[in-house]
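# Examination of the molecular architecture
Residue strings, one per chain:
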Amino acid sequence: MEPEAPAGRAPAAASKLSEAVGAALQDPRRQRRLVLVIVCVALFLDNMLYMVIVPIVPYYVHPAGEKPTLTSSPTPPTPTNASAVTGNTSEPPTADLPAKPIVKPRHPRDNEDVKIGVLFASKAILQLLVNPLSGTFIDRMSYDLPLLLGLGVLFASTVMFAFAEDYATLFAARSLQGLGSAFADTSGIAMIADKYPEEPERSRALGLALAFISFGSLVAPPFGGFLHEFAGKSAPFLVLAAVSLFDALLLLVVAKPFSAAARARANLPVGTPIHRLMLDPYIAVVAGALTTCNIPLAFLEPTIATWMERTMAASEWEAGIAWLPAFVPHVLGVYLTVRLAARYPHLQWLYGAFGLAVIGASSCLVPACRSFAPLVISLCGLCFGIALVDTALLPTLAFLVDVRHVSVYGSVYAIADISYCVAYALGPIVAGHIVHSLGFAQLSLGMGLANLLYAPVLLLLRNVGLLKRSRSERDVLLDEPPQGLYDAVRLRERPMSDRGAAPRSPPGPLDACEEGDYDYYTRS
């Protein structure tokens, strides 16, 4: 009987552990922290997958799926003799000519650049096309189910990357990633805005998500290159696939998207249609700023390595490491903006305008750099400014929806995602043609001037901080501080009774308005 005692205690311990975990998940504060972790991991995964193929993609753009190989030769290949061989392949070599390495046929360099540019842009292009639909879908279905759908598509895309053997399969996997990102990114950011309805918690949570995005973009190339070199080309994608699967399972446990409460989505407040949000002048100004501030980064990434080689004779290692120090000022920009927004929340527009000015000045300084150190400083200034703009304006979008529309955030963050995608869809394709036609200096100066000219436009947002939150349907129904949109479902069914009167449902915020009057916010 004694040996059976430990076995008998094991189920009891497991039951107690399960009860403890269940109790922890019922705590709204702990639950929203777990939701924040899930969303940050999803954003980190998406940006890891976006950048992890950077050191791997050359193996796919060649006809044989690998880098060109050389036959045995007494002399090593050089750019001169290699160009001589590839430039005239119709005439056979004669006995009088010295032995030269024979390069296997391959696509021209320009064709390779086009293929790589189209590959990188395909994700943003498909994401740009799907976002108007995904935003509406998220507004109708809430946030957890679209996030789960996006993680599932990202998992399928990552597995396809792992077993891709040619450029066509890689292109399909890249496009599929754009479909998953349209759901995962938009619903994730919207879920953070919903779970953190008050400042400065909302800015802090969105700033943390932006830091994970930056960190994923930073560590992805060395991560992919290391695993590709020592564990095979499938290894980095299999690791990311496992992370996406774990994140999806954690979302199932925490959010329970298929539970009875989640199926009551028909009672959710109806969000403002995305086309009406696009016509809101304040949201349009914010969307324009998000596009403008990301254009320098999207256009410099595919062109700066070649410019560094020609201008400062930089090695491939220097070209790859130039962006690495920029992670520190990006995180610093997020931290400073969150701290400033906590003390002076009505000046979010000013932080964004200052960020645009920093981006403009940094972009204009890039062509003047003739050594590695000044270039790194300019790129650090660029990323610092982007952090200021993103961290200041993403919470502003949620606030604008709160005070001018209905507090449902899928469509408004789909607009933000569209703003990013416009820059990253054009950058890999258009930047090279601009550099070839006008020059790298003209490209950098033009982007810097655009940011400097757009900074004063944010003055139109200076009165946004004076708007009061509307007493929305969610706030009317809640007896306790709101913890997310699901509380509206739970408490809408709760009757509110007067003394001596039968139980009745409380009125919504539009009941006192005339039909068609949706402008129910007030100024302080």
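Right above here is the structure, for reference.
Worth saying up front: this structure is predicted, and the values here are computed from it rather than measured.

Rules and cut-offs
- Residues numbered from 1 in each chain as written.
- Predicted model: local features only at pLDDT ≥ 70, side-chain atom pairs only at ≥ 80, totals over all residues.
- Heavy atoms only, no water.
- Helix = DSSP H or I, 4+ residues; strand = E, 2+ residues; numbered from the N terminus.
- Buried < 20%, exposed > 50% of the residue type's maximum accessible area, 1.4 Å probe, protein only.
- Contact = heavy atoms within 4.5 Å.
- Areas by Shrake-Rupley, 256 points an atom, 1.4 Å probe, with all protein chains shown as cover.
- Polar contact = N/O pair within 3.5 Å; in protein donor to acceptor, adjacent residues only side chain to side chain.
- Phe/Tyr/Trp six-rings, centres within 6.5 Å; stacked < 30°, edge-to-face > 60°.
- Lys NZ or Arg CZ within 6 Å of the ring centre and 35° of its normal.
- Expected span 1.5 Å × (residues − 1).
- Axes fitted to C-alpha atoms, helices over the stretch in contact; angles between N-to-C directions.
- Parallel < 35°, antiparallel > 145°, perpendicular 65-115°, else oblique.
- Left-handed = near helix turned anticlockwise from the far one by under 90°.
- Nonpolar A, V, L, I, M, F, W, Y, C, P; charged D, E, K, R; others polar.

### A look at the overall build of the protein
Helix and strand content of the protein: 19 helices and 0 strands. Counting only residues that meet the buried cut, the protein has 48% of its 524 residues in that class. Excluding contacts between residues fewer than 6 apart, the proportion of contacts in the protein whose partners are at least 24 apart in sequence is 82%. A total accessible area of about 25,100 Å² is found for the protein, and carbon and sulfur atoms account for 65% of it.

### Describing the side chain of arginine 404
Secondary-structure assignment places arginine 404 in helix H15 (residues 372–404). Separated by 2.8 Å, the side chains of arginine 404 and aspartate 280 make a polar contact.

### Observations regarding the environment of glycine 271
On the secondary structure map, glycine 271 appears in the loop between helix H8 (235–255) and helix H9 (274–278). A residue is classified by how much of its surface remains accessible, and glycine 271, at 15% relative accessible area, is buried. Spatially, the C-alpha atom of glycine 271 lies 9.7 Å from that of valine 412, the residues being 141 residues apart in sequence. Not counting the four nearest positions on each side in its chain, glycine 271 is found in contact with Val406 and Val408.

### Comments concerning the packing of aromatic side chains
Aromatic ring pairs: the centre-centre distance and the angle between the two ring planes describe each pair. For the coordinates displayed, the defined rule picks out 8 aromatic pairs. Ring geometry for phenylalanine 44 against phenylalanine 215: centres 5.7 Å apart, planes inclined by 20°, an arrangement best described as stacked. Of the two residues, phenylalanine 44 sits in helix H2 (residues 28–51) while phenylalanine 215 sits in helix H7 (residues 201–231), which places them 171 residues apart along the sequence. The class of phenylalanine 44 is buried, set by a relative accessible area of 19%. Take phenylalanine 215: its relative accessible area is 35%, and that puts it in the partly exposed class. Aromatic pair phenylalanine 215 and phenylalanine 327: ring centres 5.6 Å apart, planes at 50°, arrangement tilted. Note that phenylalanine 215 is positioned in helix H7 and phenylalanine 327 in helix H13 (residues 327–343), a separation of 112 residues in sequence. The ring of phenylalanine 120 has arginine 174 lying over it, and the distance from NZ or CZ to the ring centre is 5.0 Å.

### Considering H13
For H13, which comprises 17 residues, the first-to-last C-alpha distance of 25 Å matches the rise-based estimate of 24 Å (1.5 Å per residue) to within 8%. Taken as a whole, H13 has its buried residues at Pro329, His330, Gly333, Val334, Thr337, Val338 and Ala341. Buried residues along H13 sit in contact with H7, helix H14 (348–365) and H15.

### Here we look at the packing of H7 against H15
Closest axis-to-axis distance for the H7/H15 pair is 9 Å, and the angle between their directions is 135°. In this view, H7 runs oblique relative to H15, as classed from their interaxial angle. Here H7 and H15 pass one another in a crossing that is right-handed. Along the contact surface, H7 presents Arg202, Ser203, Leu206, Gly207 and Leu210, while H15 presents Asp390, Thr391, Leu394, Pro395, Ala398, Phe399 and Asp402. Each residue belonging to the contact of H7 with H15 can be placed in one class, and the counts come to 6 nonpolar, 3 polar and 3 charged.

### Here's the deal with unusual backbone geometry
A cis amide bond links glutamate 199 with the next residue in sequence, proline 200, at an omega value of 5°. Phi is positive for serine 142, close to 70°, though the residue is something other than glycine. Position of serine 142 among the secondary structure elements: in the loop between helix H4 (109–141) and helix H5 (144–162). Residue classification places serine 142 among the buried positions, given a relative accessible area of 2%.

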